[in-house]
Amino acid sequence: MTLNSLLPALLGGALLGLSAVALLLYTGRIAGISGIVASLLSKGSLRGPWQLWFAGGMLLGGSMAVLAGVPLPAVTVPLPIAVIAGVLVGIGSRMANGCTSGHGICGIGRLSLRSIVATTVFMLCAMITATLIH
Amino acid sequence: MNAKLIALLCGVVFGLGMMISGMVNPNNVLGFLTLSASWNPSLAFVMGGALAVFIPAYQWLIKPRVDASKTALTGQPLQLPANKQIDGKLLAGASLFGIGWGVAGICPGPGLTMLISGQPPVWVFFVSMLAAMFAYQRLIEPLSRATKSSA
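Structural notes, computed from the coordinates. (Residues numbered from 1 in each chain as written. Chains lettered and ligands numbered in written order. Predicted model: local features only at pLDDT ≥ 70, side-chain atom pairs only at ≥ 80, totals over all residues. Heavy atoms only, no water.)

Topic: the overall build of chain A
Here is step 1: Check the secondary structure of chain A and you find six helices and zero strands.
Here is step 2: For chain A, the N- to C-terminal ordering of α and β elements is α-α-α-α-α-α.
Here is step 3: By the burial criterion, 54% of the 134 residues in chain A qualify as buried.
Here is step 4: For chain A, the proportion of contacts with a sequence separation of at least 24, taken over those separated by at least 6, is 36%.
Here is step 5: Taken as a whole, chain A presents about 5700 Å² of accessible surface, with 75% of it coming from carbon and sulfur. (Helix = DSSP H or I, 4+ residues; strand = E, 2+ residues; numbered from the N terminus. Buried < 20%, exposed > 50% of the residue type's maximum accessible area, 1.4 Å probe, protein only. Contact = heavy atoms within 4.5 Å. Areas by Shrake-Rupley, 256 points an atom, 1.4 Å probe, with all protein chains shown as cover.)

A short note on the packing of helix α6 (residues 113-133) of chain A against helix α2 (residues 26-33) of chain B
Here is step 1: Packing of α6 of chain A against α2 of chain B brings their axes to within 8 Å, and their N-to-C directions diverge by 95°. One finds that α6 of chain A runs roughly perpendicular with respect to α2 of chain B. Together, Met123, Ala126, Met127, Ala130 and Thr131 of chain A of α6 of chain A and Leu30, Phe32 and Leu33 of chain B of α2 of chain B make up the contact between the two elements. (Axes fitted to C-alpha atoms, helices over the stretch in contact; angles between N-to-C directions. Parallel < 35°, antiparallel > 145°, perpendicular 65-115°, else oblique.)

A short note on the environment of Val89 of chain A
Here is step 1: Assignment of secondary structure puts Val89 of chain A in helix α4 (residues 79-95).
Here is step 2: Linking Val89 of chain A and Cys99 of chain A, residues 10 residues apart in sequence, is a C-alpha distance of 8.4 Å.

Side note on the side chain of Ser19 of chain A
Here is step 1: Following the sequence through the fold, Ser19 of chain A ends up in helix α1 (residues 3-27).
Here is step 2: The class for Ser19 of chain A is buried, based on a relative accessible area of 2%.
Here is step 3: When neighbours within four sequence positions are excluded, Ser19 of chain A is seen to be in contact with Phe54 of chain A together with Cys10, Val13 and Phe14 of chain B.

Topic: the interface of chain A and chain B
For an interface, size is often stated in terms of accessible area lost upon the parts coming together.
Here is step 1: Of the residues lining the interface, 97 residues belong to chain A; the matching set on chain B comes to 99 residues.
Here is step 2: Together chain A and chain B conceal approximately 9200 Å² of surface at their shared face, both sides included; 81% is due to carbon and sulfur atoms.
Here is step 3: Applying the counting criterion to the chain A and chain B interface returns zero salt bridges.
Here is step 4: Joining chain A to chain B, the criterion identifies 14 residue pairs in polar contact (both at pLDDT 80 or more).
Here is step 5: Listed by contribution, the elements that provide at least two residues to the side of chain A that touches chain B are α1, α2 (33-39), α3 (50-67), α4, α5 (102-109) and α6 of chain A.
Here is step 6: Broken down by element, the side of chain A that touches chain B gets its largest block of residues, 21 residues, from α1 of chain A.
Here is step 7: For the side of chain A that touches chain B, the class distribution of residues is 67 nonpolar, 26 polar and four charged. (Buried area = accessible area lost by both parts, 1.4 Å probe. Salt bridge = Lys/Arg side-chain N within 4 Å of Asp/Glu carboxyl O. Polar contact = N/O pair within 3.5 Å; in protein donor to acceptor, adjacent residues only side chain to side chain. Nonpolar A, V, L, I, M, F, W, Y, C, P; charged D, E, K, R; others polar.)

Considering the packing of aromatic side chains
Here is step 1: In total, this model carries six aromatic pairs over all chains according to the counting rule given.
Here is step 2: Members of the aromatic cluster, connected to one another through ring pairs, are Phe122 of chain A together with Phe97 and Trp101 of chain B. (Phe/Tyr/Trp six-rings, centres within 6.5 Å; stacked < 30°, edge-to-face > 60°.)

What to know about the environment of Ser63 of chain A
All names here are of chain A.
Here is step 1: Among the secondary structure elements, Ser63 is positioned in helix α3.
Here is step 2: Looking at Ser63, the relative accessible area reads 28%, which means it is partly exposed.
Here is step 3: A sequence separation of 22 residues divides Ser63 from Ala85, and the C-alpha atoms of the two residues are 25 Å apart.

Section: α2 of chain B
Here is step 1: Of all eight residues in α2 of chain B, six are buried; the element is thus mostly enclosed.
Here is step 2: Within the sequence span of α2 of chain B, burial applies to Pro26, Val29, Leu30, Gly31, Phe32 and Leu33 of chain B.
Here is step 3: Packing partners of the buried residues in α2 of chain B comprise α6 of chain A together with α3 (42-67) and α4 (88-104) of chain B.
Here is step 4: Taking the backbone nitrogen of Asn27 of chain B as reference, a side-chain oxygen 2.9 Å away marks Asn25 of chain B as the first, capping residue of α2 of chain B.

A look at the pattern of salt bridges
Residues and elements named next belong to chain B.
Here is step 1: One pass over the structure, following the stated rule, counts two salt bridges over all chains.
Here is step 2: With a closest N to O distance of 3.9 Å, Asp67 and Lys63 form a salt bridge. Note that Asp67 and Lys63 are positioned in helix α3 at a spacing of four residues, about one turn of the helix.
Here is step 3: Classification of Asp67 as exposed rests on a relative accessible area of 55%.
Here is step 4: Here Lys89 and Glu141 are joined by a salt bridge, their closest N and O atoms 3.6 Å apart.

A look at the nonpolar core
Here is step 1: Of all hydrophobic cores here, the largest spans 72 residues; its most connected members are Ile33 and Phe54 of chain A together with Leu33, Phe54, Ile62, Trp101 and Leu112 of chain B.
Here is step 2: Beyond its immediate sequence surroundings of up to four residues, Ile33 of chain A is in contact with Phe54, Met58, Cys99 and Ser101 of chain A together with Phe14, Pro108, Gly109 and Leu112 of chain B. (Core = buried A, V, L, I, M, F, W, Y, C linked by side-chain atoms within 4.5 Å.)

Structural data, given as structure tokens:
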């Protein structure tokens, strides 16, 4: 591992943290992507449409990065596997009320014990699964 | 500033962070999650970078507001999760989520961001995730609530 490959990881991570802090500080909302995505399913959601703007912003920011020369990686997951993964991630994130961003960044960032436990459990399960399969 | 505009700007920064950090590449994620001789530590640096910003900023800028006015800078309430319970639902949910993440190396943030690539596996992942969330919210959760209250 060279510094050149770890520096973008650190910088990109810092941008994720900055986004989550700014959203919470200015609007009082948690930048949890599974929650944001799930809220788009309930039309007339009492929470209002800020989630739509955040999600749209993510697509815009991703496109800006592509225009600036950041390559789009090829995703070669077989389609049946993509279905299984999507279903598990969808149900799991709703049951646990959060995912990598909500628990992993915002929750741990607030030193929430519930989020620290959730992140530890999903990291361990993901590592065991990935190591057994790949 | 308008809350929707702030949400849009924060979304842009989040999308940029997703791309620059390499979180959008399932090979990076699986390289971290798969314990092997060619282990890839970059995901730890993504989390580390995010927390290095979030933890101190939360303590200095947000925590004092939580303890005092309980409002964000726009005057809206700070909506922090009230649920502190570590129960079977949290553990089961986190386990299912982890297995799903370990299978394909895609979690919701990268799944959403990578829709712009138009690649079928990403869209299939995202639509399956939406369908599962919808089924959980509309069918499973109301059902489990009904069985609990009738018991």
